[in-house]
Amino acid sequence: MEPVQPLTPRVLCSVLSVKSHSCEVTLDSGRALLSWKEVRPRRGRERSRAGACLAQAFQRVRGLTGTLTHRLPSAGHIVPVSEIVSVGEADVDEKYYGMQWKHMCKPHAFTVHYVQRMKKHRWRCKAVTFWCSDEQLYCHWLQALNDLLEQLACRPKRLLVYINPYGGKKKGRQIYEKKVAPLFCLASITADVIVTEYANHARDNIYEVNLDKYDGIVCVGGDGMFSEVLHGLIGRIQKDSDVDHNNPKIPLSRCYMRIGIIPAGSTDCVCFATVGINDPVTSALHIILGDSQPLDVSAVHNKKTLLKYTVSLLGYGFYGDVLKGSEKNRWLGPARYDFSGFKTFLSHRYYEGTVSFQPAKWAVGSPRDNVCCTAGCYICRQSSKQLEEQQRAETYGLQHNEQEENWTTVKGKFMSINIVVMSCACPRSPKGLSPAAHLADGTADLILVRKCSRLNFLRHLIRHTKSNSDQFDFPFVDVYRIKTFQFTPKHSEEDDSESTDLGNIGKKNFAQICTDHPTCGCSQLNSVWNCDGETLEQTAIEMRVHCQLIRLFARGIEDSHKEDDEMPSRV
Ligand SMILES: CCCCCCCCCCCCC/C=C/[C@@H](O)[C@H](COP(=O)(O)O)NC(=O)CCCCC
Ligand SMILES: Nc1ncnc2c1ncn2[C@@H]1O[C@H](COP(=O)(O)OP(=O)(O)O)[C@@H](O)[C@H]1O
Ligand SMILES: [Ca+2]
């Protein structure tokens, strides 16, 4: 049997068997593509024509081995090497030999596991086994494919995994063990797994571990669990870089260790908005392929003290009250938000205060331009260039003092004040709170919903659940693209606590009485901030966006043209 002679150093082509069909299999190392298509015998006059073109083709691809049969161009499969999960020796079992192997010595087979795109951004791991009679050919293919996989430096080999057994439907451990761990094993990824034992266990642990051992951190849970890991990683990096994160104006050190999210929570909007779906297998495959998606992070301060970081929703009023009302019903799982949302809607509370913000002057997009953030987003890429220019200016002291320039102030009565760093797309709201917000453009969208009727507020809310209606198209809704934000409630806690005036004390206690007895008809003086699913104690805050501060094992939401309805993946 002649050894395989590649056409050129970069293309390997053989006829191998797939499910007892002969297929022409090609590995183009230059383009990093694996393809295969069935070659079929043809009948009658076509055979002679096919025979002629085949003879020519044979001359062209000298060195072909295996059983050469006539071939008919047919739809085939093309898989980028970057989307191959693993290649390995197939367990060759007697019963699986095709008939043609019966008379031959034991065949050799290797299996390629690769990503197959399904509907709605869902990914699955598909397997195809190639058979051949020649051991040398088999070894050559296995070696060639694994050599190319080894060159993919972006792929993680060792991960630190935190599982929240408490979040969502309390199935985090089960999801990881049954759906994720087998895929990590298939991809030869080793994982150190910690099942958290209390809130903030993951955050505190990240300050202690030796991060140099790992290529990434994975959190199994919802947005609150991701927030824990986010705080642990950012806090650790700032501590190691000697950056005082309590200073609201200081640039933060970027975190290059990627975070992967295995969705097992109640909202899962960070996963949904960066991958396109909240599916554990899909997220695991994005981690295995070594995807990398930069992500903006906002820092929230209160008087020179860091309160929280946020990457999804910083919400006051409706979403703050929904979160606060849901906490005591965690036993309901995700449904707790629906129950609390209904009660909050009926309460129809509004809150008074003063909002100030700096518009993102240099932003390329706007919240109402309908340009959604997708994989490889132009607006985000432009912003990272802008970011580098800004950082160069800061390095050379060339930047002008933009801290004081063009603040906009709005006083009023608000149903809700929401700042979103990303779209916040999630199963409840497929387009999100701000559909045109970007993951890595250095800005956030500020959505102000002023006091309005119950019916109008309901209309506004319902539009979030529809993919073809504009939730900003109301006279009582304003949206701005910003980079910094401040809020002072009309009834600031400090004023009440400092004043000795009986009226104020009465008001404070009265407010407290009302909070304890929501059946009371008066309007609650202050709401709370919902910060990625955690409540803040303070209501007077300032916020600043840090462009592309962290990275996720994701690639953004792919254009739907790449999806096939259950079809093999094609490029
Ligand atoms: C009458 C029809 C009303 C329909 C309203 C639908 C609006 C849904 C907007 C969803 C916003 C999502 C913003 C994400 C917030 C999360 O960070 C946070 C914590 O997530 P997790 O830890 O995974 O639970 N989720 C929430 O604050 C829940 C908001 C739900 C509001 C109904
Ligand atoms: N072992 C644990 N016990 C109690 N709380 C935990 C534990 N691990 C994490 N948490 C906390 O649970 C909260 C919710 O986690 P999350 O995964 O977001 O679930 P959900 O989406 O249901 O809110 C987070 O604030 C996190 O800090
Ligand atoms: Ca953003």
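Residues numbered from 1 in each chain as written. Chains lettered and ligands numbered in written order. Predicted model: local features only at pLDDT ≥ 70, side-chain atom pairs only at ≥ 80, totals over all residues. Heavy atoms only, no water.

**Student:** Break down the coordination of the calcium ion (ligand 3) for me, citing the residues and quoting the values.
**Tutor:** All of the protein donors around the calcium ion (ligand 3) are D296 (OD), V421 (O), H438 (O), D441 (OD) and T443 (O); their distances to the metal are 2.3 to 2.6 Å. If you list the donors of the calcium ion (ligand 3) from N- to C-terminus, the spacing comes out as D-x124-V-x16-H-x2-D-x1-T. Remark: H438 occurs in the loop between β16 (408-420) and β17 (444-450) and V421 occurs in the loop between β16 and β17; sequence separation between them is 17 residues. Assessed through its relative accessible area of 2%, V421 is described here as buried. (Donors = N, O, S within 2.8 Å, 3.2 Å for Na, K, Ca; no water. Helix = DSSP H or I, 4+ residues; strand = E, 2+ residues; numbered from the N terminus. Buried < 20%, exposed > 50% of the residue type's maximum accessible area, 1.4 Å probe, protein only.)

**Student:** Could you give an account of the site of ligand 1, with specific residues and numbers?
**Tutor:** Taken together, 21 residues form the shell around ligand 1, and within it D223, G224, T267, Y337 and N530 come nearest. The separation between an oxygen atom of ligand 1 and a polar main-chain atom of D223 is 3.0 Å. Protein contact buries 87% of the 770 Å² of open area that ligand 1 shows by itself. Contributions of two or more residues to the shell around ligand 1 are made by α5 (223-240), α9 (335-347) and α11 (454-463). For the shell around ligand 1, a count of residues per class yields eight nonpolar, nine polar and four charged. Mapped onto the domain boundaries, the shell around ligand 1 takes at least three residues apiece from domain 2 (153-291) and domain 3 (296-394 + 405-489 + 528-544). (Near = heavy atom within 4 Å. Polar contact = N/O pair within 3.5 Å; in protein donor to acceptor, adjacent residues only side chain to side chain. Areas by Shrake-Rupley, 256 points an atom, 1.4 Å probe, with all protein chains shown as cover. Nonpolar A, V, L, I, M, F, W, Y, C, P; charged D, E, K, R; others polar. Domains from an automatic or database assignment.)

**Student:** So, the UniProt feature "domain: DAGKc" (unreviewed entry) in the chain: which residues are in play, and what are the values?
**Tutor:** Mapped onto the present numbering, the UniProt feature "domain: DAGKc" (unreviewed entry) falls at residues 154-304. A helix fraction of 38% and a strand fraction of 22% characterise residues 154-304, whose end C-alpha atoms lie 38 Å from each other. (UniProt positions renumbered as here; feature names shortened; annotations may be inferred.)

**Student:** Explain empty space enclosed by the protein to me, and be specific about the residues and the numbers.
**Tutor:** Summed over the entire model, instances satisfying the criterion amount to five cavities of 30 Å³ or more. As a volume, the largest cavity reaches approximately 60 Å³. I259, G260, I261, C271, T274, V275, S283, I287, L552, F553 and A554 together form the lining of the largest cavity. Those elements that provide at least two residues to the lining of the largest cavity are β11 (258-263), α6 (269-275) and α7 (280-288). Here the residues of the lining of the largest cavity are counted per class, giving eight nonpolar, three polar and no charged. (1 Å grid on protein atoms, 1.4 Å probe; cavity = no way out; pocket = protein on both sides within 12 Å on 5 of 7 lines; lining within 4 Å. Points joined across faces, edges and corners; volume = space filled by probe spheres on them.)

**Student:** Would you mind going over the state of the cysteines in detail, with residue names and values included?
**Tutor:** What is meant by a disulfide is a covalent connection between two cysteines, made through their sulfur atoms. Scanning the entire structure with this criterion turns up zero disulfides. Free of any disulfide, C255 has its nearest neighbouring cysteine sulfur in C547, separated by 13 Å. Unpaired in terms of disulfides, C547 finds its nearest cysteine sulfur in C380, a separation of 7.9 Å. (Disulfide = S-S within 2.5 Å.)

**Student:** Describe helix α8 (residues 318-327), listing the residues and the values that go with them.
**Tutor:** α8 sits mainly inside the fold: eight of its 10 residues count as buried. Taken residue by residue, α8 has F318, Y319, G320, D321, V322, L323, G325 and S326 as its buried positions.

**Student:** Tell me what's going on with the pattern of salt bridges, and back it up with residues and numbers.
**Tutor:** By the definition in use, this model includes 17 salt bridges. Notably, a salt bridge pairs R117 with E83, separated by 2.8 Å at the nearest N-O pair. One end of the pair, R117, is in strand β6 (residues 108-117); the other, E83, is in the loop between β4 (77-80) and β5 (84-89), and 34 residues separate them in sequence. The burial state of R117 is the same as that of E83; both residues are buried. Put simply, R450 and D478 hold a salt bridge, and the shortest N to O gap is 2.2 Å. One end of the pair, R450, is in strand β17; the other, D478, is in strand β18 (residues 477-489), with 28 residues separating them in the sequence. Overall, D478 belongs to the partly exposed group, its relative accessible area being 25%. When salt bridges that share partners are traced, they join E83, R117, D291, R555 and E558 into one network. (Salt bridge = Lys/Arg side-chain N within 4 Å of Asp/Glu carboxyl O.)

**Student:** Go over the confidence of the model for the chain with me, naming the residues and quoting the values.
**Tutor:** Put simply, the chain has an average pLDDT of 86, and 80% of its residues get 70 or more. Overall, residues 50-73 carries pLDDT values under 50, and its contacts beyond four positions in sequence, including any with other chains, amount to 44 contacts. This stretch, residues 496-522, has a pLDDT under 50; its non-local contacts, to residues over four places away or in other chains, come to 15 contacts. In the model output, the complex is listed with pTM 0.87 alongside ipTM 0.97. (pLDDT = per-residue confidence, 0-100. Contact = heavy atoms within 4.5 Å.)

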